[in-house]
Structure formats: structure tokens, C-alpha cells
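Spelled out, the chains give:
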Amino acid sequence: MILNIARKELKSVFSTPMGWVILSLILFVFGYYYYEGVDQYFQVMSGSMRPEERKGVTEFVGQNLFGIGSFVMLFAVPLLTMRLISEERRNQTLAFLFSAPLSLTEIVVGKFVGLVAFLSILIGFVFLMMASLNIWAEIDYGYIFANLIGLWLLLASFAALGIYVSSLTQQPVIAAIITFIVLFGLLMLDNLIAASQNEGLAYLSLMRHFQPFSRGLINTGDIAYFILFITTFLTLTIRRLDADRLRG
Amino acid sequence: MNPIITVEANQLTRIYGGRKAVNNVSFSLNKGEVLGFLGPNGAGKSTTMKMLTGNLAPSEGTVKICGIDMMENPKEAKALIGYLPETPPLYKELTVDEFLTIAARLHRVSSKNIKNAVQKAKERCGLTEMSKRLIENLSKGYQQRVGIAQAIIHNPMVVILDEPTVGLDPIQIRDIRALIKELGNDHSVILSTHILPEVEMVCDHVQIIHKGELVFNGAIEMLKQQRQGNKLLIGLHQPPADLNALKLQGITQVESLENGLIRLHHLADESPAEAFVRAAVENNWGLHQINPDQTSLEEVFVSLTYQEQPYQEQAIQAAA
């Protein structure tokens with residue numbers, strides 16, 4: 001049942017221009033940075049004579065690509081999540097899901113899985129780009145996979161938060177703006193309060209948990225953080241929808 | 001054979017911010033019956049339907065679908081219901097086929113039967129030619145049909161339709177009514193409507209709900225009886241000076257109406273029409289019209305919905 005809803009979501013993303021436009025735009029940006037990375041590699045490396053200045057091609061291009069990845073998706077994910085629930089609420093199609101033999105958990109998780117599947121397509125393309133380096137160079141698959149997992153978890157967290165915000169309002173645009181602001185805040189939390197030494201708050205920053213992945217380090221603590229983050233917001237969404245049923 | 005009870009609502013109450021939108025509504029419906037829900041705007045029809053379908057949790061009371069409690073086993077209960085809300089819930093970016101396939105899938109139609117189910121639902125609602133069209137581009141009437149199609153696609157025991165004929169043209173309305181009657185043969189159907197003749201045409205049972213309370217609950221015959229008021233409406237070119245001369249055998253009361261017609265009240269078991277025509281010819285009254293005068297359903301409806309709280313009505317009038 002979860003998969004059926006996920007399929008429905010994927011279908012509706014691709015039956016509007018929205019899905020295609022976002023997909024192509026993001027791939028364009030990714031492709032451009034990938035090209036830039038490869039292009040600059042030789043220029044930069046020919047300039048760095050000492051061995052410690054030298055970097056592998058995977059790391060060099062990867063940094064470029066994954067660095068821009070999290071930034072671009074900060075804009076793209078709110079655009080994708082904004083309509084998930086708010087639009088159904090506005091078009092009164094939620095009744096269609098509510099009166100089908102589905103639990104609220106299945107509905108919310110289904111929508112989440114559908115969106116993550118869409119995002120996985122993007123991540124798949126990023127992987128293909130990186131793997132294509134293998135044609136003429138030896139690449140560090142461990143580093144790529146750590147980065148991919150990190151990006152995937154980060155995007156899934158974005159999506160979970162976006163779905164929750166979308167369940168709070170009837171206006172997709174408002175949902176997108178709020179999601180963007182909150183995500184931006186959470187990413188930058190680390191930077192904003194670096195001076196005040198407030199470790200507890202800085203620990204909540206998404207960026208702080210994403211960075212180890214981008215260095216190629218898979219840390220269970222960080223994975224747990226992302227999973228908790230996702231679970232929290234999905235649970236909140238379920239509760240929000242349940243409140244609809246109870247309070248109307 | 002005992003009739004199978006498909007829907008059982010027990011003391012349903014729904015409170016919105018201290019106001020009782022639905023108050024203590026209880027009824028049950030047997031298999032193969034069509035129940036019509038009548039009521040003025042804001043009477044609580046839609047709220048009741050939302051509670052029956054599990055879209056809204058009742059503040060008090062229970063709903064049972066074929067004996068399955070909606071609160072305790074919502075999934076099993078919902079699987080037996082097909083629901084068309086007031087606004088048809090349509091994903092307008094999809095085509096009719098795509099949407100109905102999703103509807104079938106979500107209602108647990110097994111994957112090998114989905115094509116069949118979609119085909120059948122389209123045939124029943126007259127949508128076969130619209131299969132590949134985007135729902136967005138369909139007219140309101142066709143969108144309404146898609147809404148009905150998604151409600152019946154899984155062959156549910158109970159079909160609940162909230163104002164199914166709104167926005168349809170007269171021919172479509174006739175088709176949909178025929179469809180509802182057909183559904184009523186082997187499913188139970190609950191429908192709400194503003195159109196009173198519609199209730200008379202398709203429903204076996206009628207419920208009139210007013211200010212959240214049931215004010216009438218019974219077979220359609222009971223409503224029809226209230227309607228046939230043992231009256232004749234006649235038009236005379238040369239009426240006698242004394243209208244009491246019209247009081248023939250069995251006629252109890254003569255009433256002159258503003259539009260020049262005359263209303264005759266007669267006894268329930270007598271039909272004085274024939275005798276009256278003869279008398280009219282003999283006396284040269286110039287009879288040009290004679291009709292059984294039926295109280296319109298509207299009048300029955302109005303009298304039922306306004307009887308309920310006469311004191312309050314009076315208070316409002318006094319205040320105004």
C-alpha cells in the first residue's frame with residue numbers, strides 16, 4: 001500500500017511540468033559543475049607541485065559536485081514537497097485518500113517514499129557522472145558512496161521536513177517558503193552560532209552531520225541523526241493529519 | 001431471510017467548537033436500500049457523511065459498516081465503502097484511466113482485476129470515450145461522473161454519494177439516477193441532495209436532517225402520503241356566487257385561491273372528481289381545469305424542518 005501511494009506520487013510529479021523542469025534544471029546544474037570540476041582538475045593540479053597539495057580526481061570533482069548538490073537541493077526540495085499535502089488539502093482530494101482503506105501512516109510514508117524515489121533518480125545521475133570518471137582514471141568508490149549516502153540522507157531529511165510544513169497550510173507557495181527558511185536555518189545553524197560555543201544547539205545543525213559524509217566518513221551517529229530527523233517530522237505529519245480527522 | 005444491515009449509525013454526535021453540528025443521529029440501512037438524506041444548507045448532511053466514511057471522527061457515537069466498527073477497524077470498514085464527497089476528489093493532472101487505476105489499486109482491487117474494474121466503472125458511468133482525456137479538461141458533469149466512478153470501482157457494499165447530481169445536465173441526471181437505482185439493487189446507497197423529486201424517484205428511505213437532528217426518518221411512502229393531500233384544484237370561468245354550492249358529496253372544504261383557482265378538500269377515501277365534472281357541466285360553471293392538488297415535497301419538507309423548533313422561530317421573528 002505504501003508503494004501504491006509512492007507510485008501515485010511519482011506519477012503525479014511526472015504528469016506535471018514541475019517534475020520535469022526541476023529534474024532537468026538540477027541535472028543541468030550538476031552537469032555543469034561536474035564539467036567544471038573535470039576541466040579545472042588539470043589546471044589546478046598542474047599548478048600544485050608538492051605532493052601534499054595534490055588531490056585525487058574523485059575528491060576534487062566530488063567536492064565540487066556534492067558541495068553544490070546540497071545547496072541546489074535546498075531550493076529544489078521545497079518546490080517538490082510544497083504541493084504534497086497542501087495541494088491535496090486545497091483541492092479537497094485528501095478525502096480520496098482518507099476514505100480508502102489506508103492508515104494515515106501509510107499515506108504519509110507513501111508520499112515520503114514517492115518523493116525520495118524521485119530524489120533518488122537525481123542521486124542516481126550524480127553517481128553515473130562520478131562513475132564515468134572511471135573510464136580514464138581510477139576512482140575512489142568508497143568516497144563516492146559515502147557522499148551519495150550522505151546526500152541521500154540529507155535530501156530525505158529535507159523531504160520529511162517539507163512534507164510536515166506542507167501539511168500545515170493550504171497554500172503550496174507558503175509551504176515552500178517556510179520549508180526553505182527552516183532548512184536554510186537548520187543548515188546554517190552551525191555557522192550562525194559558532195561564536196557562542198553553544199554545542200547543544202549546533203549539534204542540531206544538518207550541515208554538521210552532513211560534513212563527515214562529504215569527507216568520506218560514514219558515521220553511525222550521523223546516520224542515526226538523519227533517521228531520527230526523518231522519523232520525527234513524518235510522525236508530526238501523521239499527527240497533524242490525525243488532528244484533521246479529530247477536530248475537522 | 002433476514003435483511004443484512006450494512007450501515008449502522010448509533011447516536012452520532014459531532015461538536016464543532018461547542019456547537020453541535022450533528023446531534024444524536026441514529027439509523028440503520030439494509031442491503032439493497034437507497035437512503036436519501038435531505039436537509040437545508042448547513043444542516044449537517046455532509047458532516048454525517050464524513051463521519052460515516054471515517055473522514056471525521058465523531059465526538060460521540062459509533063458507526064458500523066457491515067458490523068465492523070469504523071473507529072476500531074477503520075481499514076476493514078473503509079474497504080467496504082465507496083465515497084464521493086461534495087467536491088469530487090480528482091487528481092486533475094491525470095487522465096481518467098490513470099486516475100481510476102490508482103483508485104482501484106488503493107481500494108485493494110487485486111492487480112489482475114484492475115483493468116476489468118476500471119473498464120466496468122467507466123461503462124457504468126458513461127466514461128468510455130473519455131478514457132485518455134485529462135480530468136482537468138473534462139466538463140463539470142464528466143468530472144462528477146469520474147467522482148462516482150472512483151466511488152464504485154471496488155464494488156463496495158455501501159456507496160455514499162454527497163450531492164451526486166450537482167452540475168449535471170438533465171440527461172446526465174437521468175443516467176446517474178438510473179445508475180443509483182441499479183446500484184441500489186445489490187449495494188446500499190446513501191445520497192444527499194437538495195433536489196426533492198430526486199429523492200422521490202430513487203430512494204426507498206428518506207431522512208430529513210435539520211440543525212443536526214433527524215426530524216424525519218422513514219420509508220418514502222410515508223413522505224408521499226403526507227404529500228397527497230386529498231385535494232382537487234379546479235378552475236371555473238363562471239363560478240357560482242356562493243362557493244358553498246361546490247360542496248358536493250365528500251367535499252369538506254372549499255377554498256378560493258389568489259390566482260382565480262379554487263381548491264377543494266375532500267375525504268381521503270372518496271374521489272369526487274367525476275361527480276364534480278358532471279355537476280360543473282349541468283350548472284354551466286365553465287370548468288376549464290381540474291387537477292389533483294399535491295402539496296409539493298418542498299412544502300412537506302419546509303413544514304418538517306420548521307415544525308421542529310417553533311419557539312425559537314417565533315423568538316427570531318419577534319426579534320426581527
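What counts and how
Residues numbered from 1 in each chain as written. Chains lettered and ligands numbered in written order. Predicted model: local features only at pLDDT ≥ 70, side-chain atom pairs only at ≥ 80, totals over all residues. Helix = DSSP H or I, 4+ residues; strand = E, 2+ residues; numbered from the N terminus. Rg over C-alpha atoms; globule rule 2.2 N^0.38 Å. Contact = placed C-beta atoms within 7 Å. Buried ≥ 20, exposed ≤ 12 C-beta atoms within 10 Å, placed from the backbone. Pairing = 2+ DSSP bridges. Axes fitted to C-alpha atoms, helices over the stretch in contact; angles between N-to-C directions. Nonpolar A, V, L, I, M, F, W, Y, C, P; charged D, E, K, R; others polar. Parallel < 35°, antiparallel > 145°, perpendicular 65-115°, else oblique. Left-handed = near helix turned anticlockwise from the far one by under 90°. pLDDT = per-residue confidence, 0-100. Core = buried A, V, L, I, M, F, W, Y, C linked by C-beta atoms within 7 Å.

Draft legend 1. View of the overall build of chain A. Each helix and strand counted, chain A has 10 helices and 0 strands in total. Starting at the N terminus and ending at the C terminus, chain A contains elements arranged as α-α-α-α-α-α-α-α-α-α. For chain A, whose C-alpha radius of gyration is 20 Å, the value lies close to the compact-globule estimate of 18 Å for 248 residues. In terms of principal-axis extent, the alpha carbons of chain A reach across some 70 × 45 × 30 Å. Nonlocal contacts in chain A, meaning residues at least 24 apart in sequence, comprise 79% of its contacts between residues at least 6 apart.

Draft legend 2. A look at the overall build of chain B. A tally of helices and strands in chain B yields 11 helices and 14 strands. Counting across all 320 residues of chain B, residues that qualify as buried make up 39%. Of all intrachain contacts in chain B linking residues separated by at least 6 positions in sequence, the fraction that spans at least 24 positions is 67%.

Draft legend 3. Looking closely at the sheet that holds strand β7 (residues 158-162) of chain B. Residue and element names in this part refer to chain B. Pairing within the open sheet is mixed, and its 6 strands lie in the order β6-β7-β8-β3-β9-β10. Single-partner strands in this sheet number two, and they are β6 (81-84) and β10 (213-219). If you compare each strand with its neighbour and ignore which way they point, the axes differ by 15° on average. Of the pairings in the sheet, the one linking strand β9 (residues 205-210) to β10 comprises 6 bridges and is antiparallel in character. Counted as the bridge partner of Val-206 is Gly-218 from β10. Against the sheet, helix α5 (residues 140-152) touches β6 and β7, its axis set at about 165° to β6. Sheet contacts for helix α6 (residues 170-186): β3 (34-38), β7 and β8 (188-193); angle to β8, the most-contacted strand, approximately 145°.

Draft legend 4. Quick peek at the interface of chain B and chain A. On the side of chain A, 19 residues touch chain B, which itself brings 24 residues to the contact. For the side of chain B that touches chain A, the secondary structure elements donating two or more residues are α2 (74-79), β6 and α3 (96-106) of chain B. In terms of residue count, the dominant contributor to the side of chain B that touches chain A is α3(B) (4 residues). The class makeup of the residues in the side of chain B that touches chain A is 13 nonpolar, 5 polar and 6 charged.

Draft legend 5. Molecular detail of the packing of helix α5 (residues 104-131) of chain A against helix α6 (residues 141-168) of chain A. Residue and element names in this part refer to chain A. The geometry of α5 relative to α6 is characterised by a closest axis approach of 9 Å and an angle of 150° between their N-to-C directions. The pairing of α5 with α6 is recorded here as roughly antiparallel in orientation. Where α5 crosses over α6, the handedness of that crossing is right-handed. Contacts between α5 and α6 involve Val-108, Lys-111, Phe-112, Leu-115, Val-116, Leu-119, Ser-120, Ile-123, Val-126, Phe-127 and Met-130 from the first element and Ile-144, Leu-148, Leu-151, Trp-152, Leu-155, Ala-156, Ala-159, Ala-160 and Ile-163 from the second. Its residues placed into classes, the contact of α5 with α6 shows 18 nonpolar, 1 polar and 1 charged.

Draft legend 6. Just the packing of α3(B) against helix α4 (residues 114-125) of chain B, in detail. Residues and elements named next belong to chain B. Where α3 contacts α4, the axes come no closer than 9 Å and their chain directions differ by 120°. One finds that α3 runs oblique with respect to α4. Like other packed secondary-structure pairs, α3 and α4 cross with a definite hand, here right-handed. Of the residues in α4, those touching α3 at Asp-97, Leu-100, Thr-101, Ala-104 and Arg-105 are Ile-114, Ala-117, Val-118, Ala-121 and Lys-122.

Draft legend 7. Examining the pairing of strand β1 (residues 5-16) of chain B more closely. Residue and element names in this part refer to chain B. As judged from the 8 bridges shared by β1 and strand β2 (residues 19-30), these two strands associate in the antiparallel manner. Residue pairing for β2: Tyr-16 is matched across the bridge by Arg-19. Connecting β1 to the next strand, β2, in antiparallel fashion are 2 residues, including Gly-17 with a positive phi near 45°. Sheet topology note: the β1/strand β4 (residues 60-65) ladder contains 5 bridges and is antiparallel.

Draft legend 8. The confidence of the model for chain B, seen in detail. Residues and elements named next belong to chain B. Predicted confidence across chain B gives a mean pLDDT of 81, with 88% of residues reaching 70 or more. When the criterion is pLDDT under 50, residues 308-320 qualifies, and its contacts beyond four places in sequence or with other chains add up to 3 contacts. The ipTM, which scores confidence in the relative placement of chains, is 0.84 for this predicted complex, and the corresponding pTM is 0.83.

Draft legend 9. Inspection of the nonpolar core at higher detail. By size, the foremost hydrophobic cluster in this structure holds 134 residues, and its most contacted members are Ala159(A), Ala160(A) and Phe99(B). At 16 residues, the largest contribution of residues to this core is made by α6(A). Beyond its immediate stretch of four places on either side in the chain, Ala159(A) contacts Val77(A), Thr81(A), Phe112(A), Leu115(A), Val116(A) and Leu119(A).

Draft legend 10. Expanded view of α3(B). The element α3(B) is extensively covered by neighbouring structure, given that 10 of its 11 residues are classed as buried. For α3(B), the set of buried residues is Val96(B), Glu98(B), Phe99(B), Leu100(B), Thr101(B), Ile102(B), Ala103(B), Ala104(B), Arg105(B) and Leu106(B). Tucked inside the fold, the buried residues of α3(B) contact α1 (2-14) of chain A together with α4 and α5 of chain B. Phi turns positive one or two residues past the end of α3(B), at Arg108(B), with a value near 65°.

Draft legend 11. How the structure looks around the sheet that holds strand β14 (residues 287-292) of chain B. Residue and element names in this part refer to chain B. The 4 strands are arranged β12-β13-β11-β14 in an open sheet whose pairing can be described as antiparallel. The outermost strands of the open sheet, each flanked by one partner alone, are β12 (251-256) and β14. Each neighbouring strand pair of the sheet contributes to a mean axis angle of 20°, computed without reference to strand direction. Pairing geometry for β12 and strand β13 (residues 262-266), over 5 bridges, is antiparallel. By the bridge assignment for β13, Ile-251 is matched with His-266.

Draft legend 12. Here's a closer look at the environment of Leu151(A). Residue and element names in this part refer to chain A. Here Leu-151 is to be found in helix α6. On the basis of neighbour counts, which here come to 23 C-beta atoms within 10 Å, the residue Leu-151 falls in the buried class. Sequence-distant contacts of Leu-151, defined by excluding residues within four places in its chain, comprise Phe-66, Gly-69, Ser-70 and Ile-123.

Draft legend 13. Summary view of unusual backbone geometry. Residue and element names in this part refer to chain B. Of note in the backbone geometry, Asn-24 takes a positive phi value of approximately 55° without being a glycine. Relative to the helices and strands, Asn-24 is located in strand β2. Given 14 C-beta atoms within 10 Å, Asn-24 falls into the partly exposed group. A positive phi is found at Asn-155, a non-glycine position, where the angle reads about 55°. Relative to the elements of secondary structure, Asn-155 occurs in the loop between α5 and β7.

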